[in-house]
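Working through the structure, step by step
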Amino acid sequence: MPATAAASPPPSSADPGDALPPPAVPSLREALGVWARIGCLSFGGPAGQIALMHKELVEERRWIGEERFLHALNYCMLLPGPEAQQLATYVGWLMHRTLGGLIAGLLFVLPGALVMFGLSVLYVLWRDAPVVDAVFFGVKAAVLAVVLEAVIRIGRRALKNRVMVAIAAAAFVLIFVFKVPFPVIVLGAALFGWLGAKRRPELFRAGGHGASGAPRHIGVVDAMFARGELDHLRPSGARALKTLAIWTPVWLAPVGVLFALTGSSSVWSELGAFFSSMAMVTFGGAYAVLAYVAQAAVDTFGWMRPGEMVDGLGLAETTPGPLIMVTQFVGFLAAYRAPGGLDPRRRRARIAARHLGDVRALLPVDLPRRALCRGAALQRGAERSALGRDRGGRRGRGQSRSLVRASRAVSRADVAWLRAGPPGPRLARLARRAARRRRDGRDAAVRRRHDPDARRLRARRPRPRLALTPVPETPAMRRFPPERIVCLTEETVETLYLLGEEDRIVGVSGYAVRPPRVRREKPRVSAFTSADIPKILALKPDLVLAFSDLQAGIVADLVREGVAVHVFNHRDVAGILAMIRCVGALVGAGETAAELAETLEARLARVRAAAGSGRRPRVYFEEWDGPLISGIGWVSELVAVAGGDDVFPELAACAAARDRVVAPERVAAAAPDVILASWCGKKVVADRIAARPGWDAIPAVKAGRIHEIKSPLILQPGPAALTDGLDAILAALAG
């Protein structure tokens with residue numbers, strides 16, 4: 001921070017003759033411990049953090065005097081960014097120059113950053129777990145109370161007269177009702193205050209923090225200043241230019257690298273550009289800037305949903321450090337949902353989570369043999385001994401008891417480890433264990449290639465006698481029609497409601513929103529590619545309805561637990577109608593389902609006939625923006641029903657999204673008349689689409705015909721797509 005602006009000494013805190021002598025100048029090592037302590041204890045937002053530093057630095061250690069502390073605080077509040085961290089950086093810089101400032105500033109945020117990272121990982125991986133969901137529910141309510149109290153408290157301090165109240169009210173209306181960008185509001189308020197101070201200075205005079213009634217002491221910094229030891233406080237143009245020359249590249253170089261490597265439309269570049277610009281306009285502390293961050297993250301970029309911003313603030317409130325660290329949560333969620341080539345589903349913990357059911361299935365029966373074979377392959381002495389005693393490893397012959405005992409010990413340890421509790425908190429350790437096993441397997445393969453005894457044993461390794469464990473009672477479907485159904489996707493939920501069979505539903509996907517009352521009536525048990533298996537089992541379902549190969553991992557886990565599962569895998573309109581009839585048949589409502597399907601078919605025919613044979617607009621449907629993914633089969637068909645032509649009909653037949661990726665240049669060459677976009681739950685930003693290089697010549701961009709269709713209407717292969725989704729396409733093509 002450019003602290004030279006605060007270099008001039010404040011008025012003397014006390015008469016030097018009456019003041020206590022200052023303590024000795026702390027060493028850098030002692031200061032490091034104090035700053036680390038402050039960083040770990042800085043809970044409670046800006047007010048609590050400033051109070052903590054006042055107690056530590058002014059009252060107890062007397063590193064800085066009262067007047068200089070308040071003088072520095074006033075200066076820091078004029079700067080963008082968290083004033084508490086800037087105050088710590090300034091005091092550290094006063095005593096130990098640049099190194100001291102860096103230590104103080106970094107230690108103020110480092111503990112909170114580490115905790116926030118861990119909580120963000122917990123949030124995205126286990127958000128749907130019942131315990132975690134309950135925790136966030138409680139934290140969300142408490143955070144709303146904390147924010148409301150902070151607004152009232154800060155408002156009482158800052159809004160001294162009616163003019164200030166009017167400015168605050170106008171700012172609220174502009175950002176909440178008219179969605180005016182936060183920087184515009186801040187600059188407008190500053191301009192209004194500057195003009196007002198010239199006309200009516202008595203209404204725009206800023207009040208100080210006030211003096212405290214506590215005893216005043218001369219601090220270490222004050223004494224150093226009096227002795228002339230703070231040469232770095234003197235303003236210097238050369239030093240200011242040197243500082244800018246060093247730290248400006250440090251600040252902006254990572255952003256430039258992101259733009260160069262990932263392009264201007266990637267989430268990494270968007271995050272870098274947004275937060276770099278935000279750093280220059282975040283005046284007024286964390287609470288003032290939260291509205292700006294929420295507006296950009298939810299409405300402008302579509303990185304997160306509105307409720308998640310409150311969750312992020314709750315995490316920031318429960319961690320040390322400045323509240324502005326909620327931006328770390330925002331960036332984490334944005335990159336997690338649009339990772340590009342760094343897909344988090346490929347990470348080791350996700351792989352372990354996805355294959356947890358495989359490990360559970362192997363442990364009771366197959367693991368003893370696997371452990372024995374691995375142990376025999378890695379220990380050549382044991383191999384030779386086993387070869388001599390077992391005589392080829394045929395059934396009925398003697399076995400190496402030591403090896404069998406070792407294999408049983410391994411299997412029992414693994415079974416006890418998995419049965420000790422729910423698998424969620426143990427996934428990281430499971431991933432590490434799986435990695436070690438893969439590494440051991442590679443080592444064994446190398447030894448088999450180079451050790452003749454190991455090669456000979458490969459065909460003659462001992463086989464332990466296996467004790468089959470009894471299969472526990474499972475919740476397989478034994479009633480027809482099924483009375484307890486769990487739906488892992490939203491289209492089957494809507495279908496059952498339309499059939500009047502909603503009482504059979506005992507659990508739904510977290511994305512189920514149709515009809516709206518489903519959010520109030522049914523518990524959520526899954527996302528799309530993840531599910532709370534224990535919660536599903538606790539509901540004792542007769543049948544689980546799933547969709548597509550993307551839920552194959554969930555289906556495998558449920559099947560291993562003995563649950564009856566029916567998986568739909570349709571990608572076109574005919575498949576949607578067949579799904580409706582199939583669901584009806586499964587619940588004994590075949591006639592009602594047939595009537596519903598026939599009604600939808602008749603409506604499609606009427607819409608197709610009304611579209612006529614006139615000029616058909618060329619339509620590009622964008623399912624995702626990074627990389628660009630074109631529309632799936634039923635979307636392409638509905639575009640044709642509405643009277644348009646899909647510009648990529650050959651890709652619509654591809655089931656996998658990776659097979660429907662298109663280059664931006666290919667879209668520009670297709671010259672669509674209308675662009676429809678639905679970014680899988682993320683808000684579509686038409687300006688970002690229009691700003692893509694080379695797209696300014698596309699007819700749809702020239703005419704401003706870029707339309708968003710909400711994902712629940714068009715991207716679920718169910719009744720919604722054939723009704724409200726089709727209506728949205730008709731409205732866009734008619735506009």
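As the structure is a computational prediction, the values presented were derived from the model and not from experiment.

Attention now moves to the overall build of the chain. Helices and strands together make up the secondary structure of the chain, namely 33 helices and 10 strands. Counting every position in the chain, which comprises 735 residues, the buried fraction comes to 44%. For the chain, long-range pairs separated by at least 24 residues make up 67% of all intrachain contacts whose partners lie at least 6 apart in sequence. Carbon and sulfur atoms provide 61% of the accessible area of the chain, an area that totals close to 36900 Å².

A word on the confidence of the model for the chain. When pLDDT is averaged along the chain, the result is 74, and 69% of the positions lie at 70 or above. Here residues 207-215 is a poorly scored stretch, pLDDT under 50, and it has 7 contacts once near neighbours within four places are set aside; other chains count. Within the model, the stretch residues 341-427 combines pLDDT values under 50 with 117 contacts to residues more than four positions away or in other chains.

This paragraph deals with the sheet that holds strand β3 (residues 524-526). With respect to topology, 5 strands assemble into an open sheet ordered β3-β2-β1-β4-β5, the strand pairing being parallel. A strand with exactly one partner marks an edge of an open sheet, and here the two such strands are β3 and β5 (565-568). Here the average twist between neighbouring strands, direction ignored, is 25°. With 2 bridges joining them, strand β1 (residues 485-487) and strand β2 (residues 505-509) adopt parallel strand pairing. Paired with I485 across the bridge in β2 is I505. Seen against the sheet, helix α25 (residues 573-586) touches β4 (543-547) and β5 and runs at an angle of roughly 165° to β5.

Right, let's talk about the nonpolar core for a bit. Ranked by size, the top nonpolar core spans 63 residues in total, and within it W35, M53 and W303 carry the most contacts. A total of 16 residues in this core trace back to one element, the largest contributor, which is helix α4 (residues 83-126). In this structure, V518, M579, A597 and I632 belong to the second largest nonpolar core, which totals 49 residues.

Moving on: a nonpolar patch on the surface. Together, F172, V173, L174, F176, V177 and F178 make up a nonpolar patch on the protein surface, roughly 610 Å² of accessible area in all. Relative to the elements of secondary structure, L174 occurs in helix α6 (residues 162-176). Its relative accessible area of 33% is what places L174 among the partly exposed residues.

Further remarks concern the packing of helix α21 (residues 490-498) against α25. The interhelical angle for the contact between α21 and α25, taken along N-to-C directions, is 60°, at an axis separation of 10 Å. As summarised for this structure, α21 and α25 are arranged oblique, according to the angle between their axes. As α21 packs across α25, the resulting crossing turns out to be right-handed. Contacts from E491, T492, T495 and L496 of α21 reach α25 at M579, I580 and V583. Looking at the contact of α21 with α25, its residues break down into 4 nonpolar, 2 polar and 1 charged.

Applying the stated criterion across every chain yields a total of 7 aromatic pairs. Relative to W63, the ring of W35 lies with its centre 6.2 Å away and its plane at 65°, an arrangement referred to as edge-to-face. Of this pair, W35 sits in helix α1 (residues 28-41) while W63 sits in the loop between α2 (45-60) and α3 (66-77), placing them 28 residues apart in sequence. The positively charged end of R692 is found above the aromatic ring belonging to W695, 4.8 Å away from the centroid.

All right, on to the pattern of salt bridges then. Under the defined criterion, the tally for this structure stands at 22 salt bridges. A salt bridge links R688 to E270; its shortest N-O distance comes to 2.4 Å. Within this pair, whereas R688 is found in helix α30 (residues 686-690), its partner E270 is found in helix α10 (residues 267-278), the two being separated by 418 residues in sequence. As far as burial versus exposure is concerned, R688 and E270 are alike and both buried. One salt-bridge network, in which partners are shared between bridges, spans R37, E56 and R61.

Before going further, it helps to examine the environment of L726. For L726, the location among the structural elements is in helix α33 (residues 719-734). Classification of L726 by relative accessible area gives buried; the value is 0%. As a C-alpha pair, L726 and V639 span 87 residues in sequence and 7.8 Å in three-dimensional space. Sequence-distant contacts of L726, that is, excluding residues within four places in its chain, are made with R603, L604, V607, L638, V641, A642 and A721.

Running from amino to carboxyl end, α1 crosses α4 at an angle of 35°, the nearest separation of the two axes being 8 Å. Remark: the crossing between α1 and α4 carries right-handed chirality. Across from L28, A31, L32, W35, A36, I38, G39 and C40 in α1, the residues of α4 making contact are A88, V91, G92, M95, H96, L99, G100, I103, A104, L107, F108 and P111. Here the contact of α1 with α4 is composed, by residue class, of 16 nonpolar, 4 polar and no charged.

With respect to the helices and strands, the residue E502 is situated in the loop between α21 and β2. Setting aside residues no more than four positions away along its own chain, E502 makes contact with L496, Y497, R517 and K522.

Once that is clear, we can look at the pairing of strand β9 (residues 674-677). Of the two faces of β9, both are covered, the one formed by V674 and L676 as well as the one formed by I675 and A677. As paired strands, strand β6 (residues 618-625) and β9 are joined by 4 bridges and run parallel to one another. Across the sheet, the residue bridging to E622 is A677, located in β9. Bridge count between β9 and strand β10 (residues 706-708): 3 bridges; the pairing is parallel. Within β10, the residue paired with L676 across the bridge is H707.

A word on the pairing of β5. Direction of pairing for β4 relative to β5: parallel, over a ladder of 4 bridges. Within the sheet, the bridge partner assigned to A546 lies in β5 and is V567. With helix α24 (residues 552-560) bridging β4 and its parallel neighbour β5, the resulting β-α-β unit is right-handed.

What counts and what doesn't
Residues numbered from 1 in each chain as written. Predicted model: local features only at pLDDT ≥ 70, side-chain atom pairs only at ≥ 80, totals over all residues. Heavy atoms only, no water. Helix = DSSP H or I, 4+ residues; strand = E, 2+ residues; numbered from the N terminus. Buried < 20%, exposed > 50% of the residue type's maximum accessible area, 1.4 Å probe, protein only. Contact = heavy atoms within 4.5 Å. Areas by Shrake-Rupley, 256 points an atom, 1.4 Å probe, with all protein chains shown as cover. pLDDT = per-residue confidence, 0-100. Pairing = 2+ DSSP bridges. Axes fitted to C-alpha atoms, helices over the stretch in contact; angles between N-to-C directions. Core = buried A, V, L, I, M, F, W, Y, C linked by side-chain atoms within 4.5 Å. Patch = residues over 30% accessible without salt bridge, like charges linked within 9 Å, V, L, I, M, F, W, Y side chains within 5 Å. Salt bridge = Lys/Arg side-chain N within 4 Å of Asp/Glu carboxyl O. Parallel < 35°, antiparallel > 145°, perpendicular 65-115°, else oblique. Left-handed = near helix turned anticlockwise from the far one by under 90°. Nonpolar A, V, L, I, M, F, W, Y, C, P; charged D, E, K, R; others polar. Phe/Tyr/Trp six-rings, centres within 6.5 Å; stacked < 30°, edge-to-face > 60°. Lys NZ or Arg CZ within 6 Å of the ring centre and 35° of its normal. Right-handed = clockwise from strand over helix to strand, strands pointing away.

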